[in-house]
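# Fold and geometry: a report
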Amino acid sequence: MATIDPVLKAFDAAANDRRRGATEIERALVASLLRCRGKWREANVIRGAGILADGQPTMANLRSLAHRAADGDLARFEAWLDERSRELARLEELLAAAAWPLLEGASGVVTISRSSAVAAAVEGARGRGWRGTVTVLDGTSAGGGRDLAVRLRETGAVESLPDAFAAAALGSPDVVVMTGADTVGESLFVNATGTRLLLELARARGRLTALVADSGKDVDDAAAFALSERSPMYVDGDRQWPLFEAVPLTLVDRRVRESL
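First, a word on scope: everything that follows refers to the structure included in this document. (Residues numbered from 1 in each chain as written. Predicted model: local features only at pLDDT ≥ 70, side-chain atom pairs only at ≥ 80, totals over all residues. Heavy atoms only, no water.)

## Considerations on unusual backbone geometry
Threshold: Helix numbering and strand numbering both begin at the N terminus, where a helix is a DSSP run of H or I of at least 4 residues and a strand a DSSP run of E of at least 2. Only protein chains enter the area calculation, which uses a 1.4 Å probe; residues under 20% of their type maximum are buried, those over 50% are exposed, and those in between are partly exposed.
Its identity as a non-glycine residue notwithstanding, serine 113 has a phi of 65 degrees, on the positive side. Relative to the assigned elements, serine 113 resides in the loop between strand E1 (108-112) and helix H6 (116-127). We classify serine 113 as buried; its relative accessible area is 6%.

## Focus on the sheet that holds strand E3 (residues 158-162)
Spelled out, the test is: Strand pairing follows a simple DSSP-based rule, namely that at least 2 bridges must link the two strands. Note on geometry: axes are lines fitted to C-alpha atoms, helical ones only across the stretch in contact, with angles between N-to-C directions running from 0 to 180 degrees.
Here we have six strands laid out as an open sheet, ordered E3-E2-E1-E4-E7-E11, and parallel in their pairing. Of all the strands in the sheet, just E3 and strand E11 (254-256) have a single pairing partner and so form its edges. Neighbour-to-neighbour, the strand axes of the sheet open up by a mean angle of 25 degrees, direction not taken into account. Of the pairings in the sheet, the one linking E1 to strand E4 (residues 175-179) comprises three bridges and is parallel in character. Across the sheet, valine 110 pairs through a bridge with valine 177, a residue of E4.

## As for the pairing of strand E6 (residues 188-192)
Most of E6 is tucked away, with five of its five residues classed as buried. Pairing of strand E5 (residues 183-184) with E6, which is carried by two bridges, proceeds in the antiparallel orientation. The residue bridging threonine 183 from the neighbouring strand is valine 190, located in E6. Linkage of E5 to E6, two consecutive antiparallel strands, is achieved through a turn of three residues. Pairing of E6 with strand E10 (residues 244-248), which is carried by five bridges, proceeds in the antiparallel orientation. Bridged to phenylalanine 189 within E10 is valine 247.

## Focus on empty space enclosed by the protein
The condition is simple: We place a 1 Å grid over just the protein atoms. Points where a 1.4 Å probe fits but has no way out form a cavity, open points with protein on both sides within 12 Å along at least 5 of 7 lines form a pocket, and any residue with an atom within 4 Å of a point lines it. Grid points are joined across faces, edges and corners, and a volume is the space filled by probe spheres set on the points. Lys, Arg, Asp and Glu make up the charged group, whereas Ala, Val, Leu, Ile, Met, Phe, Trp, Tyr, Cys and Pro make up the nonpolar group; the residues left over, Gly among them, are polar.
The tally for this structure, following the rule as stated, stands at one cavity of 30 Å³ or more. For the largest cavity, the calculated volume is near 40 Å³. Looking at the lining of the largest cavity, the elements with two or more residues in it are helix H2 (22-35), helix H5 (74-103) and H6. Across the lining of the largest cavity, the residue classes tally to four nonpolar, two polar and three charged.

## A word on the packing of aromatic side chains
In plain terms, the rule: Each aromatic pair joins two rings of Phe, Tyr and Trp (for Trp, the six-membered one) with centres within 6.5 Å, and gets the label stacked for planes under 30 degrees apart, edge-to-face for over 60, and tilted for any other angle.
Counting across every chain of the model gives three aromatic pairs. Between phenylalanine 77 and tryptophan 80 the ring centres are 6.4 Å apart and the planes differ by 10 degrees, which places this aromatic pair in the stacked class. Here the residue phenylalanine 77 and the residue tryptophan 80 both occupy positions in helix H5, the gap between them amounting to three residues, near one helical turn. The burial state of phenylalanine 77 is the same as that of tryptophan 80; both residues are buried. For the ring pair tyrosine 234 and tryptophan 241, a centre distance of 5.1 Å and an interplane angle of 45 degrees mean the geometry is tilted. With relative accessibility at 26%, the residue tryptophan 241 sits in the partly exposed group. Taken together through their ring pairs, the aromatic side chains of Trp40, Phe77 and Trp80 make up a single cluster.

## A word on the nonpolar core
Here is the rule: Among buried residues, those of type Ala, Val, Leu, Ile, Met, Phe, Trp, Tyr and Cys that are joined through side-chain atoms within 4.5 Å constitute a nonpolar core. In what follows, a contact means two residues having at least one pair of non-hydrogen atoms within 4.5 Å.
Counting residues in each nonpolar core, the largest one holds 50 residues, and the members touching the most others are Leu33, Leu65, Phe77, Leu81 and Met178. Counting residues per element, this core draws most heavily on H5, which supplies ten residues. Once you skip the residues sitting within four places of it in the chain, methionine 178 turns out to touch Leu103, Val109, Val110, Thr111, Ile112, Val118, Ala121, Ala210 and Val212. By size, the runner-up hydrophobic cluster in this structure holds 19 residues, among which are Val110, Ala169, Val175 and Val252.

Structure follows, in structure tokens:
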């Protein structure tokens, strides 16, 4: 039985991961690649980069990793992975600290789909004594909202609801609407379909909105729009629609990012 190259196995696992968010996938891939660094072959690293780019076309941080891998300079790629691993190890703590001023006086958080950055913000706030309720909306089963709700339930009160309940979730004037992103451009960002509708409703209700995303997600607008156009499709019988959408940054009151 043929042995699967560990580099290709790591890239393939990341390319086909539909259960975790962009940062979680990146963290797992970086760790896997560093564990097998003595087994790298240039051809397989470059091939793996192509597999990743094709499999995760909307995630800017994975696009950046794929671009660096495709360069073929293994020493430079390894040095970058080492540095990125250190950054990712501190990321949740940094995002939580940056988000705390927004959550300290809030009665709750309303979010949509799955975001490890939003999870970090909420878990960090709860570690600081915050006791608000989190409402996780989920437009489709592919969005991962249920997964996020299960994770956050370990630290406090959580509701997991279809996005049709967005209006009810925004009933309190001091809830914060907080979303993550797979890609952030200069005037738009890419996130799970349903994000724009939630933010537009929040704006109409006068609720504070925040985008939690580290700087590894930042690209220019052209790249952000191009990535949104390559969104995988959610298929339900004879119906289908994009899993991700482009959302204007004008709908966001605050951008929360790390300070490295």
